[in-house]
Amino acid sequence: MTGTGERLRFDGWIAGVGTSSGTRLVVGHWPRSPFGAFADVMVEHPDGERVLLAPSRRIADFVAATYRFDRIEVVPVTVSSVTATGDTWCVEAGPLRLRLRTGRRSALGLLLSAVPAPLARSPLWAALCDVPARLLMPGVRTLGQAAPGRREWYGARGLRPVVAADAVLAGVSLGALAPLDPPVAFGFGSAPRSPSLVRVTTTVELAPAGR
């Protein structure tokens, strides 16, 4: 019987937005993780180039060993809520400035928020949700093989639509908010096509020692 490797848990939010320029952005904001609190941004350009913006070399190395990128930049990355209700976020990551606003939770968002936190954090729950997620949100997966030797589970605990976004990269506006289309290709699945902010617990399983 093959043993499992160490499992690392990341608790926070993932925001995925498209823009009318064709550039797609996925922001990870992780208040609780094995690396402490941090945020990172994955950028996919219209030509398919995939760029990681990470706040330290240690985090960049871990993320790049889990997902696929063509280029990595180690830059300061911050995510902050600029309203008391937490519906407007400001993201600064090296050359990127992103401001996004979320709307009210949908029926699916209300359903996910009702799932008890211990259950939502369970890889078994993420596995059970994989087929419904694929049916409801094409391109979305809640479990799969990440980079060679790593497995990953996403346990969603909430979902809000992103209703407005303003993104500037290297001083150039990326245009109006748009669907995340085509799907991003950093890993085995994409963020939802509709711009969204997902409350999530991500579990990454490393390859067993000696393999």
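Preceding block: the structure.
Here is what the cut-offs are and how they apply
- In this convention, every chain numbers its residues from 1, walking through the sequence in written order.
- For a predicted model such as this one, the threshold for reporting local features is a pLDDT of at least 70, and the threshold for listing and counting side-chain atom pairs is 80 or more; totals across whole chains, interfaces and linings nevertheless cover every residue.
- By convention in this description, side-chain values take in all heavy atoms of the structure and omit both hydrogens and water.
- Helix and strand definitions follow DSSP, with helices as H or I runs of at least four residues and strands as E runs of at least two, each counted in order from the N terminus.
- Here the term buried applies to any residue with accessible area under 20% of the maximum for its type, exposed to any over 50%, and partly exposed to those in between, with areas from a 1.4 Å probe on protein chains only.
- Whether two residues touch is decided by their heavy atoms; if any such pair falls within 4.5 Å, the residues are in contact.
- By definition here, a salt bridge exists when the distance from a side-chain nitrogen of Lys or Arg to a carboxyl oxygen of Asp or Glu is within 4 Å.
- Stacked, tilted and edge-to-face pairs are distinguished by plane angle, under 30 degrees for stacked and over 60 for edge-to-face with tilted covering the rest, among Phe, Tyr and Trp rings (Trp via its six-membered ring) whose centres lie within 6.5 Å.
- Over a ring means this: the NZ of a Lys or the CZ of an Arg is within 6 Å of the ring centre and within 35 degrees of the ring normal.
- Comment: arc refers to directions from the helix axis out to C-beta atoms.
- The nonpolar core is taken to be a set of buried Ala, Val, Leu, Ile, Met, Phe, Trp, Tyr and Cys residues, with the residues joined through side-chain atoms within 4.5 Å.
- Residue count minus one, scaled by 1.5 Å, sets the expected span of a helix.
- Axes are fitted to the seven residues ending at a residue and to the seven starting at it; the angle between these axes is taken as the bend at that residue.

Draft legend 1. Here's a closer look at the environment of valine 43. Following the sequence through the fold, valine 43 ends up in strand β3 (residues 38–44). Look at valine 43 and you get buried, because its relative accessible area is 2%. Leave out the neighbours within four places in its chain, and valine 43 touches Thr23, Arg24, Leu25, Glu49, Arg50, Val51, Leu53 and Phe186.

Draft legend 2. View of the pattern of salt bridges. Applying the stated criterion across every chain yields a total of 11 salt bridges. Arginine 7 is the partner of glutamate 205 in a salt bridge, and the nearest nitrogen-oxygen pair spans 2.8 Å. Of this pair, glutamate 205 sits in strand β13 (residues 196–205) while arginine 7 is found in strand β1 (residues 7–19), placing the two residues 198 residues apart along the sequence. Note on arginine 7: relative accessible area 42%, which makes it partly exposed. Across the pair arginine 57 and aspartate 61 runs a salt bridge whose closest N-O atoms are separated by 3.4 Å. A residue pair is termed a helical-turn pair when its members lie 3 or 4 positions apart in one helix, as arginine 57 and aspartate 61 do in helix α1 (residues 57–64) at four residues. Arginine 57 gets classed as partly exposed once you look at its relative accessible area, which sits at 46%. Each of Asp11, Arg32, Arg157 and Arg199 takes part in a single network of salt bridges with overlapping partners.

Draft legend 3. A look at unusual backbone geometry. The omega angle of the peptide bond from aspartate 181 to proline 182 is 5°, so this bond is cis rather than trans. Tracing the backbone shows proline 182 in the loop between β12 (177–178) and β13. A positive phi angle, near 55°, is found at alanine 170, a position not held by glycine. With respect to the helices and strands, alanine 170 occurs in the loop between β10 (151–169) and β11 (172–173).

Draft legend 4. A look at the packing of aromatic side chains. Scanning all chains against the criterion turns up nine aromatic pairs. Pairing tryptophan 13 with tryptophan 89 gives two aromatic rings, centres 5.8 Å apart and planes at 75°, and the pair type is edge-to-face. Here tryptophan 13 is found in strand β1, whereas its partner tryptophan 89 is found in strand β7 (residues 88–93), with 76 residues between them in sequence. By relative accessible area, tryptophan 13 is classed as partly exposed at 24%. For tryptophan 89, a relative accessible area of 9% corresponds to the buried category. Through a chain of ring-to-ring contacts, the aromatic side chains of Phe10, Trp30, Phe35, Phe38 and Phe62 assemble into a single cluster. It is arginine 199 that lies over the ring of tryptophan 13; its NZ or CZ is 4.6 Å from the centre.

Draft legend 5. Representation of α1 in the model. Residues Ile59, Ala60, Phe62 and Val63 constitute the buried set of α1. For α1, the buried positions fall inside an angular range of 165° around the axis, keeping them on one side. The inward-facing, buried residues of α1 contact β1, β3, β4 (50–54), β5 (71–74) and β13.

Draft legend 6. Geometry of the nonpolar core. Counting 27 residues, the largest nonpolar core has Phe10, Met42, Phe62 and Val63 as its most contacted members. For this core, the secondary structure elements donating two or more residues are β1, β2 (24–32), β3, β4, α1, β10 and β13. With four residues, α1 is the single largest residue contributor to this core.

Draft legend 7. Fine view of helix α4 (residues 123–136). Here α4 spans 20 Å end to end across 14 residues, near enough to the 20 Å set by a 1.5 Å rise per residue. Roughly 40° is the biggest bend found in α4, and it falls at aspartate 130, with proline proline 132 one to four residues downstream. The set of residues buried in α4 consists of Pro123, Ala126, Asp130 and Ala133.

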